[in-house]
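Residue-level structure breakdown
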Amino acid sequence: MSDNDSFLIFSGTKTRYLAEKICASLGCPLGNMVMTKFSDGEFAVSYEESIRGKNVFLVQSTFPNSDNLMELLLMIDAAKRASARHIIAVIPYFGWARQDRKDKPRVSIGAKLVADLLSCAGIDRLITMDLHADQIQGFFNVPVDHLYASGVILPYLQSLKLDNLVIASPDVGGSKRANTYAKYLGCPLVLCNKTRARANEVESMQIIGDVNGKNVVLIDDMVDTAGTITKAADVMKAAGALSVRAMASHCVMSGPANERVQQSSIEEIVFTDSIPYTQRCAKIKQLSVADMFAETIRRVIHNESISSQYLI
């Protein structure tokens with residue numbers, strides 16, 4: 001039996017663009033699956049080829065709306081009932097990850113709920129990238145391969161050959177991620193201390209560190225409404241920064257995000273293609289993680305270590 005006979009890759013509706021790139025990198029066809037939609041919004045999935053005894057990789061990011069998560073759950077359930085040997089969920093962007101703890105009374109822990117749903121549905125393994133909080137890996141009782149977008153972002157950042165480089169985090173919560181970049185590149189680290197008026201709204205921000213005469217690169221895991229990252233860029237520019245760029249793993253970009261980025265002091269904002277970006281903003285660039293996920297899938301199939309893929 002050849003390698004291509006031992007596994008199959010299928011894609012959810014909204015992540016097909018990435019699954020096709022992954023299959024092209026692996027030199028295999030994308031599996032045939034049909035999504036049937038009913039007039040009331042309900043939908044059903046069916047595999048149009050045998051998956052009995054196969055290692056099945058299901059590619060689907062769980063970005064808004066919730067249909068993407070429900071679609072993935074149905075794909076997992078259908079694969080289990082069709083006697084797949086192993087079911088591996090490939091979730092480049094793991095949604096609901098910001099709800100990773102009880103930060104105030106009487107709230108849900110959405111990331112744990114989603115982990116339980118995926119486990120109950122029947123996954124044997126999870127491959128994901130840049131979780132909002134690393135401890136979410138512990139919410140699963142199956143192996144988790146946690147990839148890092150730094151594998152594609154760092155080479156691009158180094159290609160810019162920026163002098164007087166400073167790595168910055170737009171909030172204290174992201175300081176560990178930014179510090180890893182700063183150590184690897186051998187440059188200073190700057191932090192922003194922010195206070196929020198409410199969710200998705202920044203009240204005030206102060207810079208901890210020196211950005212005067214520096215080329216600043218803000219590092220984050222996701223950009224949602226872009227309020228924090230554009231505020232940080234404007235504050236740093238006002239403090240004398242020569243230029244401000246941003247690099248983030250996941251391009252959520254909801255609500256007024258595009259307008260905010262366009263009107264801000266950010267020269268460029270770089271994302272991966274873990275989430276499809278269909279709007280147009282001249283300042284936004286996407287780097288593909290398809291080859292990185294393809295290589296991880298290949299190593300999982302051959303029971304090889306994936307740690308050598310990590311730059312940092």
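Model, not experiment: these values are computed from the prediction.

As for the overall build of the protein
Helix and strand content of the protein: 9 helices and 14 strands. Against the compact-globule benchmark of 20 Å for 312 residues, the protein has a radius of gyration of 20 Å, which places it among compact chains. Expressed as lengths along the three principal axes of its C-alpha atoms, the size of the protein is roughly 60 × 45 × 35 Å. Counting only residues that meet the buried cut, the protein has 51% of its 312 residues in that class. Taking the contacts inside the protein whose residues are at least 6 apart along the sequence as the reference set, 63% of them involve residues at least 24 apart. Carbon and sulfur atoms make up 48% of the accessible area of the protein, which totals about 14,300 Å². Charged side chains of the protein number 33 positive and 33 negative; the gap between the two group centres comes to 3 Å.

Quick notes on the domain arrangement of the protein
Looking at the protein, the domain boundaries give domain 1 (3-147) and domain 2 (150-288). Computed from C-alpha atoms alone, the centre-to-centre distance between domain 1 and domain 2 is 29 Å. Facing the 14 residues of domain 1 at the interface are 14 residues of domain 2. On the domain 1 side of the interface with domain 2, the three residues burying the most area are Tyr17, Tyr93 and Asp130, jointly 41% of the side's total. The interface formed by domain 1 and domain 2 holds 3 salt bridges in total. The tally of links between domain 1 and domain 2 comes to 10 residue pairs in polar contact (both at pLDDT 80 or more). Ranked by residues supplied to the side of domain 1 that touches domain 2, first place goes to helix H2 (residues 16-26) with 3 residues.

Considering the sheet that holds strand S7 (residues 144-147)
A sheet is described by the order of its strands in space; here 5 strands give the open sequence S1-S4-S5-S6-S7, paired in parallel fashion. Since the sheet does not close on itself, it has two edges, and those belong to strand S1 (7-11) and S7, each with one partner. Pairwise comparison of adjacent strand axes, ignoring direction, gives a mean angle of 15° for this sheet. In this sheet, strand S5 (residues 86-91) lies alongside strand S4 (residues 55-59) in parallel orientation, the contact comprising 5 bridges. Residue pairing across strands places Phe57 opposite Ile88, the latter belonging to S5. Sheet strands in contact with H2 are S1 and S4, and its direction is about 155° off that of S1. Its contacts with the sheet place helix H3 (residues 67-81) against S1, S4 and S5, and it is angled at close to 165° to S5.

A few points about the pattern of salt bridges
Under the defined criterion, the tally for this structure stands at 13 salt bridges. With a closest N to O distance of 2.8 Å, Asp100 and Arg101 form a salt bridge. What makes Arg101 partly exposed here is its relative accessible area of 48%. Connected through shared salt-bridge partners, Glu295, Arg298, Arg299 and Glu304 make up one network.

Things to note about unusual backbone geometry
In this model, Pro64 is joined to Asn65 through a cis peptide bond whose omega is 5°. The backbone phi angle of Met253 is positive, close to 45°, even though this residue is not glycine. Judged by relative accessible area, which is 4%, Met253 ranks as buried.

Structural notes on the environment of Ile208
Relative to the elements of secondary structure, Ile208 occurs in strand S10 (residues 201-208). The sequence separation of Ile208 and Val190 amounts to 18 residues, and the corresponding C-alpha distance is 5.8 Å. The contacts of Ile208, once residues within four sequence positions are left out, are Val190, Leu191 and Asn193.

Thoughts on the pairing of strand S13 (residues 268-272)
When you tally the buried positions in S13, you get 5 out of 5 residues, the bulk of the element. With burial as the criterion, each face of S13 is covered, one bearing Glu268, Val270 and Thr272 and the other bearing Ile269 and Phe271. As judged from the 3 bridges shared by strand S12 (residues 243-251) and S13, these two strands associate in the parallel manner. What sits directly across from Ala246, in S13, is Ile269. Crossover connection from S12 via helix H8 (residues 257-263) to parallel S13: handedness right-handed.

Conventions used here
- Residues numbered from 1 in each chain as written.
- Predicted model: local features only at pLDDT ≥ 70, side-chain atom pairs only at ≥ 80, totals over all residues.
- Heavy atoms only, no water.
- Helix = DSSP H or I, 4+ residues; strand = E, 2+ residues; numbered from the N terminus.
- Rg over C-alpha atoms; globule rule 2.2 N^0.38 Å.
- Buried < 20%, exposed > 50% of the residue type's maximum accessible area, 1.4 Å probe, protein only.
- Contact = heavy atoms within 4.5 Å.
- Areas by Shrake-Rupley, 256 points an atom, 1.4 Å probe, with all protein chains shown as cover.
- Lys, Arg positive; Asp, Glu negative; His and termini not counted.
- Charge placed at Lys NZ, Arg CZ, Asp CG, Glu CD.
- Domains from an automatic or database assignment.
- Buried area = accessible area lost by both parts, 1.4 Å probe.
- Salt bridge = Lys/Arg side-chain N within 4 Å of Asp/Glu carboxyl O.
- Polar contact = N/O pair within 3.5 Å; in protein donor to acceptor, adjacent residues only side chain to side chain.
- Pairing = 2+ DSSP bridges.
- Axes fitted to C-alpha atoms, helices over the stretch in contact; angles between N-to-C directions.
- Right-handed = clockwise from strand over helix to strand, strands pointing away.

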